[in-house]
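Structural features, examined
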Amino acid sequence: MKTILLLIHDDEGQEARYQAALDVARAVGGHLACLDLTIVPEYVGDYSVPMTAGGLLLAEETAVEAAHASRMRSRIEREDVPFDWTSTTGFLSQTLEARAGLIDLIVVSTDHTGAFFAHMTHVIGDLLVHTGKPVLAVPPASCGFTAQSRAVVAWDGSQDAEAALCSALPLLRIAKSVTLFHADTGAMTTDVDEAARYLSRHGIKSTVKNEPIGLERVSEALVREVASEGYDSVVMGGFGHTRTIEAIFGGATRTMLLKCDVPMLLVHRR
């Protein structure tokens, strides 16, 4: 987890994901690949939108982002983290995907309050499916990423859960505690105890917590677990775009993206 792609854009989630990316980079000795993106509105190019209106909106976005980029670059130059900087204009998902080739972790925001584009959940899903890279989804109200955190791993025994566990090793090694939360629906393929043994071979001590699920949705149990136990971060397998793939716990990943107040490391095995 040495090269960390950070989205630089003037939105409500910028400060939280900036701090989270810095925290992760410091914790693992990583390098920040800053992508300063002027986002082309999705409706630019839509024939139902007048060309002049679309052009004016893009021009305004360009001016705002240029000022924001100047502020952010000045800040990061004063940090103790190595970085590189790329400025470009494009659509959000496609530009992030194109930049993700030699990247170990992508840091973006959730749309927890709904103010920064109402479709970040879909953007995160597209990144998971199209890149196969771990995504750190940071709620705008969070205070960064606590390196020595109390981490919870959502476990259903799926390939995505396995991929998430493997990808999270650099962060789990430095976590204060690790809990494997198994919402038992009777459909597990890889036993949760095997996941615990895997972690132990990497020097990571974990606690297994089995939660029998009756009529309650798994997503509700997971949201309640994170809130009630005060975890600092979540690791879980990720879903793809809702029109293509739902991988872990049905809709639990989507629910977590909307309701979880702590950073989430998501992975989807391609």
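Here, every reference points to the structure presented above.
Okay, so let's go over this structure. Remember, it's a predicted structure, so these values are computed and weren't measured experimentally.

1. Regarding the packing of helix H3 (residues 92-99) against helix H4 (residues 120-131)
Axis separation between H3 and H4 bottoms out at 10 Å; the angle between their running directions is 30°. Here H3 lies roughly parallel to H4, going by the angle between them. With respect to the hand of their crossing, H3 and H4 are arranged in right-handed fashion. Within the contact between the two elements, H3 uses Leu-92, Ser-93, Leu-96 and Glu-97 and H4 uses Met-120, Val-123, Asp-126, Leu-127, His-130 and Thr-131. Grouping the constituent residues of the contact of H3 with H4 by class yields five nonpolar, three polar and two charged.

2. Describing the nonpolar core
Val-24, Leu-32, Leu-136 and Leu-172 are the most contacted members of the largest nonpolar core, which totals 46 residues. Per-element accounting of this core gives the leading share, eight residues, to helix H1 (residues 14-28). Among all residues touching Leu-136, those that are not within four sequence positions of it are Ala-20, Val-24, Leu-105, Ile-106, Val-107, Val-108, Phe-145, Pro-263, Met-264 and Leu-265. Listed in part, the 35 residues of the second largest apolar core include Ala-33, Leu-35, Ile-39 and Ala-183.

3. Brief notes about helix H8 (residues 218-229)
Given a rise of 1.5 Å per residue, 12 residues ought to cover 16 Å, and the 16 Å separating the end C-alpha atoms of H8 matches this to within 8%. Of the residues flanking the end of H8, it is Gly-230, one or two places downstream, whose phi is positive at about 70°.

4. Concerning the pattern of salt bridges
What the rule picks out here adds up to 12 salt bridges. In this structure, Arg-75 engages Glu-15 in a salt bridge whose closest nitrogen and oxygen atoms are separated by 2.8 Å. One end of the pair, Arg-75, is in helix H2 (residues 51-76); the other, Glu-15, is in helix H1, with 60 residues separating them in the sequence. Under the relative-accessibility criterion, Arg-75 is labelled partly exposed at 25%. Of the residues examined, Glu-15 reaches a relative accessible area of 36% and is grouped as partly exposed. In this structure, Arg-201 and Glu-194 form a salt bridge, with 3.7 Å as the shortest nitrogen-oxygen distance. The class for Arg-201 is exposed, based on a relative accessible area of 58%. One connected set of salt bridges, linked through shared partners, spans Arg-26, Glu-79 and Asp-80.

About the thresholds
Residues numbered from 1 in each chain as written. Predicted model: local features only at pLDDT ≥ 70, side-chain atom pairs only at ≥ 80, totals over all residues. Heavy atoms only, no water. Axes fitted to C-alpha atoms, helices over the stretch in contact; angles between N-to-C directions. Helix = DSSP H or I, 4+ residues; strand = E, 2+ residues; numbered from the N terminus. Parallel < 35°, antiparallel > 145°, perpendicular 65-115°, else oblique. Left-handed = near helix turned anticlockwise from the far one by under 90°. Contact = heavy atoms within 4.5 Å. Nonpolar A, V, L, I, M, F, W, Y, C, P; charged D, E, K, R; others polar. Core = buried A, V, L, I, M, F, W, Y, C linked by side-chain atoms within 4.5 Å. Buried < 20%, exposed > 50% of the residue type's maximum accessible area, 1.4 Å probe, protein only. Expected span 1.5 Å × (residues − 1). Salt bridge = Lys/Arg side-chain N within 4 Å of Asp/Glu carboxyl O.

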